[in-house]
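Structural overview
Below, each chain spelled out in residue letters.
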Amino acid sequence: PFRAIVRGCGGALPDRVVTNADMAKFVDTSDEWITERTGIRQRHIAAEGQYTSDLGTEAAKAALADAGMKAEDIDLIIVATATPDMTFPATASIIQRKLGAGAGAAFDLQAVCTGFVYAMATAEKFLASGQHKRALVIGAETFSRILDWEDRTTCVLFGDGAGAFVLEAVPTEDAGGKGILASHLRCDGSLTDLLFVDGGPSMTGTVGHLRMQGNKVFREAVGRISDAMVEAAEAASITMDEVDWFVPHQANQRIIGGVVKKLGLDESKVVSTIARHGNTSAASIPLAWSVAKADGRIKDGDLVIIEGMGGGLTWGAAVIQL
Ligand code: ACO
């Protein structure tokens, strides 16, 4: 058996920043409402002709550089996205081409905002089995393309971006306790109506727009996320006190605050980028992680817990020893 060890990470954001004040010029909203309800102050929006695969490729290149590896070292690419470039081929295939990484397997994985947690857990299984050696796990989104810009209850919440991790399989006896120690994944398909896109290839033949009953999602969030974190921590045989960094999916500062309160976590250990990035769905965790690594907070030897919840409803958590 092998351990899936984090070797590098990187993020990518579109250049264009849209602040809450910019937003208020074309949507009936205010900086005060958005900031108070969500903690979001600005978001990045992709340029015309800039696709999910472009952001994912840029993040992947940054992660490869951080890991000191080349594209040809990679034999598995998993892209978590709910906003693929096209219905098919998978955005992972397009990113593989753009990176010039010709070998191995590549596929997309869809668990909306929980996508990155699902993708990390999936990559861990592929690497632990010995079937693959080095994986790029990418969360990449252009949610701006599926927002209804007339719907102020949703369009103010989301942004575009991508983040990526390089994972490597190392024999457990040589891993020094490092790696993805455990994950806990869940879905409750009876709650699909709370958060969905009202289009798709089979149902409408259109792309559709995001629809969300925000306050109902909010009510489901804190309990389910906290439960998944507790389950993942138990499976990893760690206590919450031992965790150095909590890197949550960045959906709403009030949800993050609720989880911190419920589990009695130390607020100074929370990585939050929601003010600057908004909710970038599957990209939010690796983007936030990359920021905290670049500014010197997350470092070698740290114990980190990640969590997400999103459409499906899906939710989950994972424990990672660096
Ligand atoms: N600007 C100003 N007013 C607004 C806006 C806006 N952008 N949006 C809604 N309002 C108004 C509403 O019309 C309502 O007015 P009314 O009382 O006159 O009817 C009032 O504000 C309150 O609306 P609520 O929906 O009750 O506001 P709430 O406090 O629930 O906050 C929010 C809304 C921010 C969406 C919150 O419910 C939330 O964050 N939910 C969770 C969403 C989430 O985390 N999703 C994550 C999953 S992401 C994924 O998987 C893709």
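As shown above, the structure is provided for reference.
Residues numbered from 1 in each chain as written. Predicted model: local features only at pLDDT ≥ 70, side-chain atom pairs only at ≥ 80, totals over all residues. Heavy atoms only, no water.

1. Considering the pairing of strand β12 (residues 303-310)
The line we're drawing: Working definition: with a 1.4 Å probe on protein chains only, accessible area under 20% of the residue-type maximum means buried, over 50% means exposed, and in between means partly exposed. Only DSSP runs of H or I with at least four residues qualify as helices, and only runs of E with at least two residues qualify as strands; both kinds are numbered from the N terminus onward. When DSSP finds two or more bridges between two strands, those strands count as paired.
The buried count for β12 comes to 8 of 8 residues, which makes it a mostly enclosed element. Side chains L303, I305, E307 and M309 of β12 all project onto a buried face; the interleaved residues V304, I306, G308 and G310 project onto the opposite face, where all are buried too. Direction of pairing for strand β11 (residues 245-248) relative to β12: parallel, over a ladder of 4 bridges. Across the sheet, residue F246 finds its bridge partner in β12, namely I305. Bridging between β12 and strand β13 (residues 314-321) involves 8 bridges; their strand directions are antiparallel. Following the sheet pairing, G310 is matched in β13 by T314. Linking β12 back to β13 in an antiparallel pair, the connection comprises 3 residues, with G312 at a positive phi of about 140°.

2. Overview of the site of the ligand
Put simply, the test is: Throughout, the term near means that a residue has one or more heavy atoms lying within 4 Å of the molecule or strand in question. Any pair of nitrogen or oxygen atoms within 3.5 Å is treated as a polar contact; in protein, a donor-acceptor pairing is required on top of that, and neighbouring residues in sequence qualify only through side-chain atoms on both sides. The method behind every accessible area is Shrake-Rupley, applied with a 1.4 Å probe, and residues are considered shielded solely by the protein chains displayed. A pocket, in this scheme, is an open set of points on a 1 Å grid over the protein atoms alone with protein on both sides within 12 Å along at least 5 of 7 lines, while a cavity is a set where a 1.4 Å probe fits but cannot get out; residues line either one if an atom lies within 4 Å of a point. Assignment to a cavity or pocket requires that more than half of a molecule's atoms be within 2 Å of the site's grid points. Here the nonpolar group is Ala, Val, Leu, Ile, Met, Phe, Trp, Tyr, Cys and Pro; Asp, Glu, Lys and Arg are the charged ones; every other residue, Gly included, is treated as polar.
If you check the shell around the ligand, you find 27 residues, and the closest are T29, R37, C113, R152 and N252. Within the side chain of R37, a nitrogen or oxygen atom sits 2.6 Å from an oxygen atom of the ligand. In the complex, 75% of the free accessible area of the ligand, which totals 1,000 Å², lies under the protein chains. Taking a 2 Å distance to the grid points as the criterion, the majority of the atoms of the ligand fall inside the second largest pocket. It is helix α7 (residues 214-235) that contributes the most residues to the shell around the ligand, 4 residues altogether. Its residues placed into classes, the shell around the ligand shows 14 nonpolar, 9 polar and 4 charged.

3. Overview of the side chain of N20
As a reminder of what qualifies: Here, residues are in contact when the closest pair of their heavy atoms is within 4.5 Å.
With respect to the helices and strands, N20 occurs in helix α1 (residues 20-23). Classification of N20 as buried rests on a relative accessible area of 0%. In this structure the side chain of N20 is engaged in a polar contact, spanning 3.0 Å, whose partner is the side chain of R43. Aside from chain neighbours lying at most four places away, what touches N20 is D31, I34, T35, I40, R41, Q42 and R43.

4. Regarding the nonpolar core
Selection rule: Only buried residues count toward a nonpolar core. Its members are Ala, Val, Leu, Ile, Met, Phe, Trp, Tyr and Cys residues joined through side-chain atoms within 4.5 Å.
Grouped together as the largest cluster of nonpolar side chains are 48 residues, with contacts concentrated most on M229 and F246. Among the secondary structure elements, those contributing two or more residues to this core are α7, α8 (253-263), β12 and β13. The element that contributes the greatest number of residues to this core is α7, accounting for 8 residues. Counting residues in hydrophobic clusters, the runner-up holds 35 residues, among them A80, M120, A169 and A282.

5. What about the packing of aromatic side chains?
The following threshold applies: Pairs were defined over the aromatic rings of Phe, Tyr and Trp, the Trp ring being its six-membered one, requiring ring centres within 6.5 Å. Orientation was assigned from the angle between planes: stacked under 30 degrees, edge-to-face over 60, tilted for the rest. Over a ring means this: the NZ of a Lys or the CZ of an Arg is within 6 Å of the ring centre and within 35 degrees of the ring normal.
This model, assessed by the stated rule, comprises 5 aromatic pairs. Ring geometry for F107 against F126: centres 5.9 Å apart, planes inclined by 40°, an arrangement best described as tilted. Of this pair, F107 sits in strand β5 (residues 105-109) while F126 sits in helix α5 (residues 115-128), placing them 19 residues apart in sequence. Judged by relative accessible area, F126 falls into the partly exposed class, the value being 24%. Pairing F116 with F165 gives two aromatic rings, centres 5.3 Å apart and planes at 75°, and the pair type is edge-to-face. Linking F116 in helix α5 with F165 in strand β7 (residues 160-171), this pair joins segments that are 49 residues apart in sequence. For the pair F116 and F165, one class covers both residues: buried. Cluster of aromatic residues (ring-pair linked, three or more members): F116, F165 and W289. Sitting above the plane of the F2 ring, K133 keeps its charged end 4.5 Å from the centroid.

6. Description of the pattern of salt bridges
Quick note on the threshold: Basic side-chain nitrogens of Lys or Arg form a salt bridge, by our definition, when they fall within 4 Å of a carboxyl oxygen of Asp or Glu.
Evaluation of the coordinates by the stated rule reveals 14 salt bridges. Note that K293 and D66 form a salt bridge whose closest N and O atoms lie 2.6 Å from each other. Here the residue K293 occupies a position in helix α10 (residues 284-294), and D66 occupies one in helix α3 (residues 52-67), the gap between them amounting to 227 residues. K293 sits in the partly exposed class, given a relative accessible area of 33%.

7. Concerning the sheet that holds β12
The pairing of strands in a sheet comes from backbone hydrogen bonds and takes either a parallel or an antiparallel form. The condition is simple: Axes, fitted as lines to C-alpha atoms, cover a helix only where it is in contact. Angles between the N-to-C directions of the axes lie from 0 to 180 degrees.
Pairing within the open sheet is mixed, and its 4 strands lie in the order β8-β13-β12-β11. The sheet is open, and its two edges are formed by β8 (179-187) and β11, each paired on a single side. For this sheet, the mean angle separating the axes of adjacent strands, direction not counted, is 15°. For β8 and β13, the ladder comprises 8 bridges, and the chain directions are antiparallel. Bridged to H184 within β13 is A317. In this fold α5 packs onto β8, β12 and β13, with an angle of close to 125° to the strand it touches most, β8.

These results come straight from atomic positions and should not be treated as a statement about function.
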